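Now for the letters of each chain:
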Amino acid sequence: MCRCHVSTRRGFLKGAGACAVVSTLPMSMVELAFADSRRNFTFAYISDSHIQQIKGTQFVRNWDRGLIRAVAETNLLDPKPDFVVFGGDLAQLGKKEEIDHGAAMLAKLDYKYHCVMGEHDYYLDLGEYWSKLFGPHYYSWDHKGVHFVTLNSILTYEDWTHKRWPTAMQRMVEMAGLDNPNGSPFMVGEAQCDWLRKDLENVPKDTPIVLFSHSPIQKIYKGWNFWTEDAEQVQALLQPFDNVTVVYGHVHQIQYNQIGNISFHAVMATAWPWPYPQSYAQAESHLPKLTVPMNRADPFFERDATGWQLIDLDTGRVAMRYNLYNNTNRAVAFNPKTGQPEDTVFQAPQSRIDAQIHY
Ligand SMILES: [Fe+2]
Ligand SMILES: [Fe+2]
């Protein structure tokens, strides 16, 4: 389901107030060259705004500002992206007020947008209100020679969902915690796998597939639910295709990986960055092996690892341009020579910047 909005906000942003925003946009975003006119387009990806109500019309200001900034900056893009994807966790505790407030901010987008379900949107009313605004929990569409699929990957066991918690809000809060042992592993589930199998039946094997999920369709770190329990079953459905990319939210950090023919890319949050699992002393090293972590200049300044993404598909493979609000921008693109996504600047060990040391 997608919605189209025309905003009157652009006129304002083009005025004096827009200058500061424009100056932060890297030139690379307006200098895209396309090899294949069929795929002559970009799209923007905004995720994990975690809009949180304090009371009444009062919301956590930082999370609001993160989403407002992403919407304003994507509206200034030139050339225009064909559409925007919002990658889930629009709300913090799934409340109607939070979803409404987030939807009002997304309505300022000048573009059509597609939404992905996050666990913070789901576990209060099992996605009922979200659906009224944004449509089905999983769906697919075709655009300029690319087959796009959106899954709801944050489902879990029926017993956990329906039989364990005295109230819906308690269920929501238990699933919302990053490392809460009362949470439950995410999964896509059989019904959606059956749907996906049928959906892909008529797609030619050389058509590029781009799949959006909230949790990674790979197993990174179960302790923080950077994990999808039935990831292998979903990957198996995607393996017959020549060219597959999975883009996911939830982890609030730059990650990328290659498993078989599937490239994986995580997106940043607009709300706050999670640390990398390997930075926690009690965790083993859990990071996709290709990923060069973000260089957090200041681990106590949440804005230096938040932002949004511009994605281009000129080769049918995803090239991610990470636009960080207060840190160096990053670009991760498929390298046809090595057959995997790589950071275009920092991939080689000798090119990496040491993280700043804090005392
Ligand atoms: Fe999130
Ligand atoms: Fe999430």
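Residues numbered from 1 in each chain as written. Chains lettered and ligands numbered in written order. Predicted model: local features only at pLDDT ≥ 70, side-chain atom pairs only at ≥ 80, totals over all residues. Heavy atoms only, no water.

(A) Spotlight on the coordination of the iron ion (ligand 2). For the iron ion (ligand 2), the protein coordination sphere consists of Asp89 (OD), Glu119 (OE), Glu119 (OE), His214 (NE2) and His250 (ND1), at 2.1 to 2.6 Å. Motif for the iron ion (ligand 2), donor spacing along one chain: D-x29-E-x94-H-x35-H. Between the two metals, the iron ion (ligand 2) and the iron ion (ligand 1), the spacing is 3.5 Å, and Asp89 donates to both. In this pair, Asp89 sits in the loop between β5 (83-86) and α4 (96-106) while Glu119 sits in helix α5 (residues 119-122), placing the two residues 30 residues apart along the sequence. According to the relative accessible area criterion, Asp89 is buried, its value standing at 1%. Taking relative accessible area as the criterion, Glu119 reaches 3% and is therefore assigned buried. (Donors = N, O, S within 2.8 Å, 3.2 Å for Na, K, Ca; no water. Helix = DSSP H or I, 4+ residues; strand = E, 2+ residues; numbered from the N terminus. Buried < 20%, exposed > 50% of the residue type's maximum accessible area, 1.4 Å probe, protein only.)

(B) Structural context of the environment of Ala236. By secondary structure assignment, the location of Ala236 is in helix α10 (residues 231-238). For Ala236, a relative accessible area of 48% corresponds to the partly exposed category. As for Ala236 and Arg197, which are separated by 39 residues in sequence, their C-alpha atoms are 9.9 Å apart.

(C) Representation of the packing of helix α3 (residues 61-75) against α4 in the model. Between α3 and α4, the least distance of the axes is 9 Å, while the angle of their chain directions is 25 degrees. In terms of orientation, α3 lies roughly parallel with respect to α4. Along this stretch, α3 crosses α4, giving a crossing that reads as right-handed. Mapping the contact onto sequence places Asp64, Leu67, Ile68 and Val71 in α3 and His101, Gly102, Met105 and Leu106 in α4. Here the residues of the contact of α3 with α4 sort into 5 nonpolar, 2 polar and 1 charged. (Axes fitted to C-alpha atoms, helices over the stretch in contact; angles between N-to-C directions. Parallel < 35°, antiparallel > 145°, perpendicular 65-115°, else oblique. Left-handed = near helix turned anticlockwise from the far one by under 90°. Contact = heavy atoms within 4.5 Å. Nonpolar A, V, L, I, M, F, W, Y, C, P; charged D, E, K, R; others polar.)

(D) Focus on the coordination of the iron ion (ligand 1). The coordination sphere of the iron ion (ligand 1) contains the protein donors Asp48 (OD), His50 (NE2), Asp89 (OD) and His252 (NE2), at a distance range of 2.0 to 2.3 Å. In this structure, the iron ion (ligand 1) is surrounded by 4 donor atoms whose angles at the metal cover 88 to 176 degrees, and the resulting shape is irregular. Every donor residue of the iron ion (ligand 1) comes from the same chain, spaced as D-x1-H-x38-D-x162-H. (Tetrahedral: all angles 85-135°; square planar, octahedral: opposite > 155°, others 65-115°.)

(E) Broad picture of the side chain of Asn152. Secondary-structure assignment places Asn152 in the loop between β8 (146-150) and α7 (158-163). Here Asn152 falls in the buried class, since its relative accessible area comes to 1%. Of note is the side chain of Asn152, whose polar atom sits 3.2 Å from the backbone nitrogen of Ile154. The residues contacting Asn152, other than those within four sequence positions of it, are Met117, Tyr122, His137, Tyr138, Met187, Val188 and Gln192. (Polar contact = N/O pair within 3.5 Å; in protein donor to acceptor, adjacent residues only side chain to side chain.)

(F) Local environment of α3. For α3, built from 15 residues, the straight-helix expectation of 21 Å at 1.5 Å per residue is met to within 8% by its first-to-last C-alpha distance of 21 Å. Every buried residue of α3 is listed here: Trp63, Asp64, Gly66, Leu67, Ala70, Val71, Ala72, Glu73, Thr74 and Asn75. (Expected span 1.5 Å × (residues − 1).)

(G) Expanded view of the sheet that holds strand β9 (residues 209-213). Ordered in space as β7-β8-β9-β10-β12-β11, the 6 strands form an open sheet in which the pairing is mixed. The open sheet has two edge strands with one neighbour each: β7 (139-143) and β11 (256-259). Each adjacent strand pair in this sheet contributes to an overall mean axis angle of 20 degrees, direction not counted. This element, helix α9 (residues 190-201), spans β7, β8 and β9 of the sheet and lies at about 170 degrees to β8. (Pairing = 2+ DSSP bridges.)

(H) Examining the packing of aromatic side chains more closely. What the rule picks out here adds up to 22 aromatic pairs. Their ring planes at 35 degrees and their centres at 6.1 Å tell us that Trp141 and Phe212 sit as a pair that is tilted. With a gap of 71 residues between them, Trp141 in strand β7 and Phe212 in strand β9 connect regions that are remote in the sequence. Of the two residues, Trp141 and Phe212, both sit in the buried class. Ring pairs connect the aromatic residues Phe41, Phe43, Tyr45, Phe83, Tyr139, Trp141, Phe148 and Phe212, which therefore count as one cluster. We note Lys205 situated over the ring of Phe241; from NZ or CZ to the ring centre the distance is 4.9 Å. Positioned above the aromatic ring of Phe334 is the side chain of Arg317, whose terminal nitrogen or guanidinium carbon lies 4.0 Å from the ring centre. (Phe/Tyr/Trp six-rings, centres within 6.5 Å; stacked < 30°, edge-to-face > 60°. Lys NZ or Arg CZ within 6 Å of the ring centre and 35° of its normal.)

Nothing here speaks to function; it is geometry throughout.
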